[in-house]
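Take a look at the letters that make up each chain.
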There are 2 protein chains.
Amino acid sequence: MSNLDLIAKMAGFSKATVSRVLNQSPHVSQETRNKILSIMKELDYVPNRNAISLSKGQTMQIGISTEGINNLMLPFLNGFVEIASQYGYQTIIYTSGGDAKKELQPFEDLRRKRVDALVIITSVNDPSLLRSYCKYGPIVSWQRMDQPDISSVAMDQYEGYWLALEHLIEKGYNRIANAFGRPNSINTHNRMRAYADMMGKHHLTVSPKWSFSSVYTIRDGEQVVRDLLEHKDDLPDAILCANDYVAAGALCEARRQQLKVPEDLAIVGFDNTELAHTMGITSIHNPIAAQAQNAFYLLLLQLLDTEVELEILQFSLIQRFTT
Amino acid sequence: MSNLDLIAKMAGFSKATVSRVLNQSPHVSQETRNKILSIMKELDYVPNRNAISLSKGQTMQIGISTEGINNLMLPFLNGFVEIASQYGYQTIIYTSGGDAKKELQPFEDLRRKRVDALVIITSVNDPSLLRSYCKYGPIVSWQRMDQPDISSVAMDQYEGYWLALEHLIEKGYNRIANAFGRPNSINTHNRMRAYADMMGKHHLTVSPKWSFSSVYTIRDGEQVVRDLLEHKDDLPDAILCANDYVAAGALCEARRQQLKVPEDLAIVGFDNTELAHTMGITSIHNPIAAQAQNAFYLLLLQLLDTEVELEILQFSLIQRFTT
DNA sequence: TTGAAAGCGGTACCAT
DNA sequence: ATGGTACCGCTTTCAA
């Protein structure tokens, strides 16, 4: 393997000059530059990244910490890798499998200067512990952290849910059921608030029989429809789902039960994933890729101490065939 | 930031000794070790990974090259990250978005010693070009490469398809339709071969009307069922799908069209993804995580020049409610 | 058991 | 425009 020294020796210049050529410094004569360049080519030379990292004190690598990778975070991951690479940063994935100790590794790697910054997708450790690593480098989070130094790019679900409700009511639906996700999460809480507010505003009926929690999967969505059909006298005319998977399950089951969608039952999903698209389910578009971009921009802000323009995050309703 | 020198000075020993403590060398007296350890703790010292990488000439980082991340490669990615981290290796994701030039970056990074090894998930560049990077470090591929130095952990789809066909025939189905994926891929070719062989063996009817290509999505699966129903007089009694998404689409559409599954129409998916599980679709289990492990083992083999035990890869049939 | 010093392969400041 | 050289922080060989 050839190195700077060798190139310098062969070209008859000093390491410093060769380094200048490498870094496109203007203070090198064209002649010298050409000569050095041609020798580099001849020797098939490429600079060693470790040496650069050590010398510069930065690696151009950003870590992503998560319990595991699933469908929901795919757009985030893709979006982040994409924007980061545009700025010359690589992305390292750290999965913890929910193990608190293992989850600390990316944070230790921030400290050991293996990565320049960190983004948290999900975490199980005590937020204040994670926060203590902020002194080693910038950290942002997708999930809400409620820690002063760790900003989050998550969105307030109130708005999204409000949008869906508004759409249903405009369409004339007024007996609206809900399939919520994690019972005690901030997201669910905000969605519930939106529901209560909207129902109050329009003086609409709210039945506890129409409210479900811990609904996540296609299967769960099917079950919700079956549960609703237990009370034929008290059926809702629309159902707002925790995510598109739940909506897909609800849709399949409704059809199986001879319910016409959207005439008998309207269905709205959440996140506007591929699934909603392929199955034609009305859904709330969640700009996840934009959140990933913002996560990167927020890091860049601290990394380069520069101004950045954040993407404006906005839910939007994508109407398809289920409403 | 404290470094080896500082620790050494404070402890009254040399850098070498401190380094020995760091690397658990047995040639350090317990007393010395304790003293140094306590000073490290006191100063909250951690070694700098870049310095280690530079000095050792390896980074303990492995790159994964792909056009983009989607559901299909998720189990592979997860499996790889998991096994790699068990051996102390981190995983860096490189996405090319199908851009040939951008796809070269992980390979250049192998050359520049940013990563110790590389795994290719999908690639668009000329395989022989990629192969030329093998001299810089170990490379394995998930997709078939047909290059001597790049071994692949992909599986022969013939076996899997054979399994599905055998199952259907045992169950008494004998008018079997196929929804294939990419028309000219090796995978599709092998599946077609399995189909031809099996049909020949049992002297079963083969109708060109029962064969579809370029079928990938839920939507595509729905369309296949509609197309089949165009010829009511010549309906198959089973359909073997390119993947679980297609099977899911076929299932939904069949039910919508009042076909009883599996009585009127049996449906078999492929890959045994989450979707097949949640929707109760019979599917061929594709041991993707095991392939990811093998990919890592194959790299380790070259990295450490050691013996490794590969996982045995085997398709298996998971029967559910659609057959 | 411990130390001295030569790498590893660059960057960047200070001279000239 | 170019050179000299002190870093960056750790590993490893050779001696003692």
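Rules behind the numbers
- Chains are numbered independently. Their residues run from 1 in the order of the written sequence.
- Working convention: letters from A go to chains and numbers from 1 go to ligands, in the order in which they are written.
- At least 70 in pLDDT is required for a residue's local features to be given in this predicted model, at least 80 for side-chain atom pairs to be given and counted, and no such filter applies to totals for whole chains, interfaces and linings, which use all residues.
- Excluded from the side-chain calculation are hydrogens and water; included are all heavy atoms of the structure.
- We define a salt bridge as a side-chain nitrogen of Lys or Arg found within 4 Å of a carboxyl oxygen belonging to Asp or Glu.
- Labels follow the DSSP assignment, with helices taken as runs of H or I lasting at least four residues and strands as runs of E lasting at least two, numbered in each case from the N terminus.
- Only protein chains enter the accessibility calculation, which uses a 1.4 Å probe. A residue is then buried if its area is under 20% of the maximum for its type, exposed if over 50%, and partly exposed in between.
- Contacts are residue-level and defined by heavy atoms, with any inter-residue pair within 4.5 Å sufficient.
- The directions considered for the arc run from the helix axis to the C-beta atoms.
- A molecule or strand has a residue near it when one of that residue's heavy atoms lies within 4 Å.
- Any pair of N or O atoms that falls within 3.5 Å is considered a polar contact. Within protein, one atom must be able to donate a hydrogen and the other to accept it, and sequence-neighbouring residues count only if both atoms are side-chain atoms.
- In this analysis, the protein atoms alone were mapped onto a 1 Å grid. Cavities are point sets where a 1.4 Å probe fits without being able to get out; pockets are open sets with protein on both sides within 12 Å along at least five of seven lines; lining residues have an atom within 4 Å of a point.
- Grid points are joined across faces, edges and corners, and a volume is the space filled by probe spheres set on the points.
- Three residue categories are used. Nonpolar comprises Ala, Val, Leu, Ile, Met, Phe, Trp, Tyr, Cys and Pro, charged comprises Asp, Glu, Lys and Arg, and polar comprises the others, including Gly.
- In this text, buried Ala, Val, Leu, Ile, Met, Phe, Trp, Tyr and Cys residues form a nonpolar core when linked through side-chain atoms within 4.5 Å.
- Simply put, the buried area is the total loss of 1.4 Å probe accessible area from both parts when two parts are fitted together.
- Should DSSP find at least two bridges between two strands, the strands are taken to pair.
- Here an axis means a line fitted to C-alpha atoms, over the contact stretch when the element is a helix, while the angle between two N-to-C directions is reported on a 0 to 180 degree scale.
- Reported orientations rely on four angle classes, namely roughly parallel under 35 degrees, roughly antiparallel over 145, roughly perpendicular from 65 to 115, and oblique for the rest.
- UniProt positions are given in the numbering used here, feature names are shortened, and annotations may be inferred rather than shown by experiment.

So, about the pattern of salt bridges. Taken as a whole and assessed by the stated rule, the structure comprises 20 salt bridges over all chains. Across the pair Lys-102 of chain B and Glu-82 of chain A runs a salt bridge, and its minimum N-O distance is 3.4 Å. Remark: Glu-82 of chain A occurs in helix α5 (residues 74-86) and Lys-102 of chain B occurs in helix α6 (residues 100-103); the pair is interchain, linking two chains. Lys-102 of chain B sits in the partly exposed class, given a relative accessible area of 25%. The partner of Arg-131 of chain B in a salt bridge is Asp-149 of chain B, and the shortest N-O contact between them spans 3.1 Å. With Arg-131 of chain B in helix α8 (residues 127-131) and Asp-149 of chain B in the loop between β4 (139-141) and β5 (151-152), this pair connects stretches of sequence that are 18 residues apart. Given the relative accessible area of 33%, Arg-131 of chain B is considered partly exposed. A network of salt bridges, in which partner residues are shared, links Glu-222, Arg-226, Glu-253 and Arg-256 of chain A.

Take the environment of Ala-194 of chain A next. Residues and elements named next belong to chain A. Position of Ala-194 among the secondary structure elements: in helix α10 (residues 186-201). A relative accessible area of 0% means that Ala-194 is categorised as buried. Residues Ala-194 and Ala-51, 143 residues apart in the sequence, show an inter-C-alpha distance of 54 Å. Ignoring anything within four residues of it in the chain, the contact list for Ala-194 reads Tyr-158, Tyr-161, Trp-162 and Leu-165.

All names here are of chain A. By the burial criterion, the buried members of helix α2 (residues 15-22) are Thr-17, Val-18 and Val-21. Buried positions in α2, seen along its axis, are confined to an arc of 100° and lie on one side of it. Considering only its buried residues, α2 is in contact with α1 (4-11) and α3 (30-43). A positive phi of about 45° marks Gln-24, the residue just after α2.

Once that is clear, we can look at the protein's contact with DNA strand D. Around DNA strand D, the surrounding shell holds 26 residues, and the nearest of these are Arg-20 and Thr-32 of chain A together with Leu-4, Tyr-45 and Ser-55 of chain B. Taking the atoms of DNA strand D that fall within 4 Å of the protein, sugar and phosphate contribute 63% of them. At 2.9 Å from a phosphate oxygen of DNA strand D is found a main-chain nitrogen or oxygen belonging to Ser-14 of chain A. Side-chain polar atom of Lys-15 of chain B to a base nitrogen of DNA strand D: 2.7 Å apart, as the coordinates give it. Among the elements of the structure, α2 and α4 (49-56) of chain A together with α2 (15-22) and α4 (49-56) of chain B are those that each provide at least two residues to the surface near DNA strand D.

Another aspect to go through is the layout of surface pockets. Within this model, the second largest pocket holds a volume of roughly 950 Å³. Taken together, 31 residues line the second largest pocket, and the ones lying closest to its centre are Leu-22, Tyr-45, Pro-47, Asn-48 and Ile-52 of chain B. Taken together, the elements giving at least two residues each to the lining of the second largest pocket come down to α7 (105-111) of chain A together with α1 (4-11), α2 and α4 of chain B. For the lining of the second largest pocket, the leading source of residues is α4 of chain B, giving six residues. Partitioned by chemical class, the residues of the lining of the second largest pocket number ten nonpolar, ten polar and eleven charged.

The subject of this paragraph is the nonpolar core. Formed by 56 residues in total, the largest nonpolar core has its most connected members in Phe-76, Phe-80 and Phe-296 of chain A together with Phe-76, Phe-80 and Phe-296 of chain B. Residues Ala-179 and Ala-247 of chain A together with Leu-259 and Met-279 of chain B belong to the second largest nonpolar core, which totals 54 residues.

What follows concerns the interface of chain B and chain A. The partner chain A presents 50 residues to the 50 residues of chain B that form the contact. Together, Asn-50, Arg-112 and Arg-114 of chain B form the three largest contributors to the area buried by chain B at its contact with chain A, with a combined 15%. Joining chain B to chain A, the criterion identifies six salt bridges. The shortest N-O distance in the salt bridge between Arg-49 of chain B and Asp-109 of chain A comes to 3.8 Å. In this assembly, chain B and chain A are joined by 25 residue pairs in polar contact (both at pLDDT 80 or more). Breaking the side of chain B that touches chain A down by element, the ones donating at least two residues are α4, α5 (74-86), β2 (90-95), α7 (105-111), α11 (218-229), α12 (244-256) and α13 (274-279) of chain B. For the side of chain B that touches chain A, the per-class residue count stands at 20 nonpolar, 17 polar and 13 charged. Relative to β2 of chain B, strand β2 (residues 90-95) of chain A is paired through three bridges, and the arrangement is antiparallel. Paired with Ile-92 of chain A across the two strands is Ile-92 of chain B, which belongs to β2 of chain B.

Our next topic: the packing of α1 of chain B against α2 of chain B. Residue and element names in this part refer to chain B. Contact pair α1 / α2: the axes reach a minimum separation of 8 Å and the direction vectors enclose 105°. By the angle class used here, α1 and α2 are roughly perpendicular. Between α1 and α2, the residues in contact are Leu-4, Asp-5, Ile-7 and Ala-8 and Lys-15, Val-18, Ser-19 and Leu-22, respectively. Residue classes in the contact of α1 with α2 are distributed as five nonpolar, one polar and two charged.

On the UniProt side, "domain: HTH lacI-type" (unreviewed entry) is annotated at positions that read residues 7-56 of chain A here. Structurally, residues 7-56 of chain A comprises 70% helix and 0% strand, and the distance from its first C-alpha atom to its last is 21 Å.

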